[in-house]
There are 2 protein chains.
Amino acid sequence: MKKTFKTLVAGAALAAIAGSAAAQVVGKMEDQIRWRQSAYHTMAWSMARIKANVEGTYNKEQVIEAANVIQAIANSKMGALYQPGSDKGKGWKETRLKHEFFTDKEGVGKVAAAFGKEANEMAKVAATGDAAAVKAQFGKLGEACKGCHDKFRQED
Amino acid sequence: MKKTFKTLVAGAALAAIAGSAAAQVVGKMEDQIRWRQSAYHTMAWSMARIKANVEGTYNKEQVIEAANVIQAIANSKMGALYQPGSDKGKGWKETRLKHEFFTDKEGVGKVAAAFGKEANEMAKVAATGDAAAVKAQFGKLGEACKGCHDKFRQED
């Protein structure tokens, strides 16, 4: 493995809380923010793929691939990448996380649960190949994304 | 949805080749490169999580989550994000893609197939919860990553 990958993985592994059953890789603050931004952009690409399919020629496999990516990321406990203080700092770019993320635990729990629910449902509906149902679920999933953006993400 | 997400999704959808059964979202060159970089960093985070588990306290669920992310991305036909000319340009940062990626189709096919195989196997092994088998498969998957880096990625 070349440098960047090795460095990233090694740095992150070092940062994991060794010996704890709940050990999570949290990385340095800039890693956390960059990983978050990377995961959201990977999901944005996947959302764009689903959108192109429901608005254009429908390709079942493409929608399944994209929905599976969103589902896997949605279930990957990204909460570990939101350590206190990570509403300030730069990953690929300055984070837009609002400080309220750390004070409104109930609100965070709600938007996270809604997103997980709709992402899992999206993968389920995608597997059926029913384009109309996928279009409807895409709308619900987009609303779940928006639910978090509206509450916890600063405007550009 | 707020601006960035809407813009990203809309821009990408427009860029899809409408009317083709193989329509793929390719986006603008900078989108392609940013999405690629985002997907690889999301996988790097997931690799770091698996590494932390096989080297520290093993948590079956964490490894499954991480392996599922890698598997979903590995199966998402990222090839669409490698349009001719995308060995030059900037996403989050300058791409390190070598020009050889576009001339050595056989080599690309080989590393892509190897990566897909090991990523699928990783998810399968993760599901068993067998820490020793996961450690061995993590090594193989890392080698598959390296296979592509060595051939098609420029050194920093």
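Per chain, residues are indexed from 1 in the order of the written sequence. The naming scheme follows written order: chains are lettered A onward, ligands numbered 1 onward. The predicted origin of the model limits local features to residues at a pLDDT of at least 70 and limits the giving and counting of side-chain atom pairs to 80 or more, whereas totals for whole chains, interfaces and linings rest on all residues. Side-chain metrics in this entry use all non-hydrogen atoms of the structure; hydrogen atoms and water are not considered.

A few words now on the overall build of chain A. Under the scheme used here, helices are H or I runs from DSSP no shorter than 4 residues and strands are E runs no shorter than 2 residues, and both carry numbers assigned from the N terminus. The helix and strand tally for chain A stands at 6 helices and 0 strands. Tracing chain A from N to C terminus, the helices and strands come up as α-α-α-α-α-α. Sorting the 156 residues of chain A into buried and exposed places 52% on the buried side. Taking all contacts inside chain A whose residues are at least 6 apart in sequence as the whole, residues at least 24 apart take part in 67%. As presented, chain A carries roughly 7,000 Å² of accessible surface, and 57% of it is formed by carbon and sulfur atoms. Each residue is placed in one exposure class: buried if its accessible area under a 1.4 Å probe, protein chains only, is under 20% of its type's maximum, exposed if it is over 50%, and partly exposed if it falls in between. We call two residues in contact when some of their heavy atoms are within 4.5 Å. Accessibility throughout is a Shrake-Rupley quantity obtained with a 1.4 Å probe, and a residue counts as covered only by protein chains that appear here.

Salt bridges, as used here, are contacts in which a Lys or Arg side-chain nitrogen is within 4 Å of a carboxyl oxygen on Asp or Glu. Using the criterion set out here, one finds 18 salt bridges over all chains in the structure. A salt bridge links A:Lys51 to A:Glu55, with the shortest nitrogen-to-oxygen separation between them at 3.0 Å. Of this pair, A:Lys51 and A:Glu55 both sit in helix α2 (residues 29-55), separated by 4 residues, roughly a single helical turn. Here A:Glu118 ties to A:Lys117 by a salt bridge, and the two come within 3.3 Å at their closest N and O atoms. The exposure class assigned to A:Lys117 is exposed, which follows from its relative accessible area of 56%. Each of A:Arg49, A:Glu65 and B:Lys77 takes part in a single network of salt bridges with overlapping partners.

Attention shifts here to the environment of B:Trp92. Position of B:Trp92 relative to the elements: it lies in the loop between α3 (60-74) and α4 (100-103). Taking C-alpha positions, B:Trp92 is 8.3 Å from B:Ser38, a pair spaced 54 residues apart along the chain. Once residues lying within four places of it in the same chain are set aside, the contact partners of B:Trp92 are A:His41, A:Trp92, A:Lys93, B:Arg34, B:Gln37 and B:Ser38. Among the polar contacts made by the side chain of B:Trp92, one reaches the side chain of B:Ser38 at a distance of 2.8 Å. Distance and chemistry together define a polar contact, namely a pair of N or O atoms within 3.5 Å, with one atom able to donate a hydrogen and the other to accept it when in protein, and with adjacent residues in sequence counting only for side-chain atoms on both sides.

Moving on, we get to the side chain of B:Arg49. Counting through the fold element by element, B:Arg49 comes out in helix α2 (residues 29-55). Reaching out from B:Arg49, the side chain makes a polar contact with the side chain of B:Glu65 at a distance of 2.7 Å.

The next thing to look at is the packing of aromatic side chains. Aromatic pairs are defined between Phe, Tyr and Trp rings, using the six-membered ring for Trp, whenever the two ring centres lie within 6.5 Å; interplanar angles under 30 degrees are classed as stacked, those over 60 as edge-to-face, and all others as tilted. Under the defined criterion, the tally for this structure stands at 7 aromatic pairs over all chains. On the basis of an interplanar angle of 80° and a centroid distance of 5.8 Å, the ring pair of A:Phe101 and A:Phe152 is categorised as edge-to-face. Of this pair, A:Phe101 sits in helix α4 (residues 100-103) while A:Phe152 is found in helix α6 (residues 131-152), placing the two residues 51 residues apart along the sequence. When sorted by exposure, A:Phe101 lands in the same class as A:Phe152, which is buried. Measuring from ring centre to ring centre gives 4.5 Å for B:Tyr82 and B:Phe101, while their planes differ by 25°; the resulting arrangement is stacked. Taken as a pair, B:Tyr82 in the loop between α3 and α4 and B:Phe101 in helix α4 lie far apart in primary sequence, 19 residues in all.

Time to look at the confidence of the model for chain A. Residue and element names in this part refer to chain A. pLDDT expresses, on a scale from 0 to 100, how confident the predictor is about each individual residue. On average, residues of chain A score 88 in pLDDT, and 85% of them reach the 70 mark or higher. The model gives residues 10-22 a pLDDT under 50, and that stretch makes 18 contacts with residues more than four places away or in other chains. Across the interface, the model reports ipTM at 0.87; the global pTM reads 0.88.

Residues and elements named next belong to chain A. Taking 1.5 Å per residue as the helical rise, α6 with its 22 residues ought to reach 32 Å, and the 31 Å between its terminal C-alpha atoms agrees with that figure. Here α6 has its buried residues at Val134, Gln137, Phe138, Leu141, Gly142, Ala144, Cys145, His149 and Phe152. Down the axis of α6, the sector holding all buried residues measures 155°, keeping them to one side. Two or three places before Ala132, at the start of α6, stands the capping residue Asp130, its side-chain oxygen 3.1 Å from that residue's backbone nitrogen. For a helix, the expected span equals 1.5 Å multiplied by the number of residues minus one. As used here, the arc is the angular range of directions from the helix axis to the C-beta atoms.

Turning our eyes to something else, we now look at the packing of helix α3 (residues 60-74) of chain A against α3(B). Geometrically, a packed helix pair is captured by the angle between its two axes and the distance between the axes. To obtain each axis, a line is fitted to C-alpha atoms, and for helices this fit is confined to the stretch in contact; angles are then taken between N-to-C directions over 0 to 180 degrees. Between α3(A) and α3(B), the shortest axis-to-axis distance is 8 Å and the interhelical angle comes to 165°. Compared by their axis directions, α3(A) and α3(B) come out roughly antiparallel. Helix-helix and strand crossings are classified by hand; for α3(A) and α3(B) the assignment is left-handed. Residues A:Asn68, A:Val69, A:Ala72 and A:Ile73 of α3(A) lie in contact with α3(B), whose contacting residues are B:Asn68, B:Val69, B:Ala72 and B:Ile73. Under the convention adopted here, Pro, Cys and the residues Ala, Val, Leu, Ile, Met, Phe, Trp and Tyr are nonpolar, Asp, Glu, Lys and Arg are charged, and Gly plus all remaining residues are polar. Residue classes in the contact of α3(A) with α3(B) are distributed as 6 nonpolar, 2 polar and no charged. Oblique is the label for every angle not falling under 35 degrees (roughly parallel), over 145 degrees (roughly antiparallel), or within 65 to 115 degrees (roughly perpendicular). When the near helix sits turned anticlockwise from the far one by under a right angle, the crossing is termed left-handed; a clockwise turn instead gives a right-handed crossing.

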